[in-house]
Amino acid sequence: MRQPGYALVTGASRGLGRCFARTLAARKQNLVLVARSGEKLDALACELRTAHGIQVESIPFDLAQSGAGQHLADELTARGLQIDLLVNNAGFGDQGRFLELSLERQLRAINLHNATVVELTHRLLPAMIEQEQGGVITISSMAGFQPIPFASVYSATKAFLTTFSLALEAEVARFGVRVVTVCPGRLRVSPEDAENSGQRKKFPGGEQAHEDVVKEALRALDRGGGLVIPGAINKFAAFAERFIPRSKVARLIKKISKPPS
Ligand SMILES: NC(=O)c1ccc[n+]([C@@H]2O[C@H](COP(=O)([O-])OP(=O)(O)OC[C@H]3O[C@@H](n4cnc5c(N)ncnc54)[C@H](OP(=O)(O)O)[C@@H]3O)[C@@H](O)[C@H]2O)c1
């Protein structure tokens, strides 16, 4: 008989990824947790094993390194872990003038958000297709719907993710693999993470709770896949943005945003 598989959650040490891990654990889903902070992963793994009686592996890993997705897939194979659900969540966003931000960090963001996601998905999909079941949830962002001055690389990597994930959904649906593309707006920092988050400006449209985003994403997964834009204001913004000429949208956003000082 086939062993129960695992859900792999990247960026599970805090924020939205940890919320995915906790919610999936409550569904009795075995988990592989990945991020750089090994101690946090171990503590979460312990919490989830005790609370839900599931199997949880933690793998500390820097997913922004070149070839990271391939290396992580090799590690999963070496440990004999079969992944039925991949949650591509790990990410970070730097803001500032393109030329003033570190080139090295921007290239790391491209690796983490794009190259690693493509590598992991490429390596893990074949087994899902063979089993005719499985899922891939990719966390993109509202930032991917338009070019954003002072977040140029971040918005470009998220545009790539949205396009990639939606195209993949159409390709693999016939094999029984469900693909969900999630485009959250600004997320509320959980009290557990508040000490490292600093002062945050009020955001038009408000902030969304991790739990609400995860609930919508998993509902879409259960229904067979799709695009998730959590929250009514974000849905409206994503719709309305289509009516602004592509050539004007970046200049318009620049007018209403300032580079961080
Ligand atoms: N926050 C928002 O307002 C917002 C809005 C829209 C979309 N999103 C997207 O939602 C996702 C989660 O965001 P979040 O707010 O939960 O972020 P977060 O609280 O900063 O957590 C990011 C997670 O990614 C991990 N991570 C970062 N760099 C990594 C690396 N090089 N290798 C492995 N893991 C790494 C972090 O763990 P370690 O530091 O331990 O490695 C952490 O677990 C991201 O893709 C983000 O772009 C966020």
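Structural notes, computed from the coordinates. Predicted, not measured: the structure shown is a model, and the values here were computed from it.

1. Considering the site of the ligand
Among the 27 residues in the neighbourhood of the ligand, the closest are listed as S13, R36, S37, N89 and Y154. At 2.7 Å from an oxygen atom of the ligand is found a side-chain nitrogen or oxygen belonging to S13. Within the side chain of K158, a nitrogen or oxygen atom sits 3.0 Å from an oxygen atom of the ligand. Summarising the interface, the protein chains cover 88% of the accessible area of the ligand, which totals 880 Å² for the free molecule. Of all the elements in the fold, those that place two or more residues in the shell around the ligand are α1 (15-26), α4 (103-131) and α5 (152-172). Here the residues of the shell around the ligand sort into 12 nonpolar, 9 polar and 6 charged.

2. Let's talk about the pairing of strand β2 (residues 30-35)
With 6 of its 6 residues buried, β2 lies for the most part within the structure. Burial of β2 is two-sided: the residues N30, V32 and V34 facing one way and the residues L31, L33 and A35 facing the other way are all buried. Inspection of the sheet shows strand β1 (residues 6-10) paired to β2 by 5 bridges, in the parallel sense. Residue pairing for β2: A7 is matched across the bridge by L31. The parallel pair β1 and β2, bridged by α1, forms a crossover whose chirality is right-handed. Pairing analysis gives 5 bridges linking β2 to strand β3 (residues 56-60), with the strands arranged parallel. Within the sheet, the bridge partner assigned to L31 lies in β3 and is V56.

Rules used throughout
Residues numbered from 1 in each chain as written. Predicted model: local features only at pLDDT ≥ 70, side-chain atom pairs only at ≥ 80, totals over all residues. Heavy atoms only, no water. Near = heavy atom within 4 Å. Polar contact = N/O pair within 3.5 Å; in protein donor to acceptor, adjacent residues only side chain to side chain. Areas by Shrake-Rupley, 256 points an atom, 1.4 Å probe, with all protein chains shown as cover. Helix = DSSP H or I, 4+ residues; strand = E, 2+ residues; numbered from the N terminus. Nonpolar A, V, L, I, M, F, W, Y, C, P; charged D, E, K, R; others polar. Buried < 20%, exposed > 50% of the residue type's maximum accessible area, 1.4 Å probe, protein only. Pairing = 2+ DSSP bridges. Right-handed = clockwise from strand over helix to strand, strands pointing away.

On their own, these measurements won't tell you what the molecule is for.
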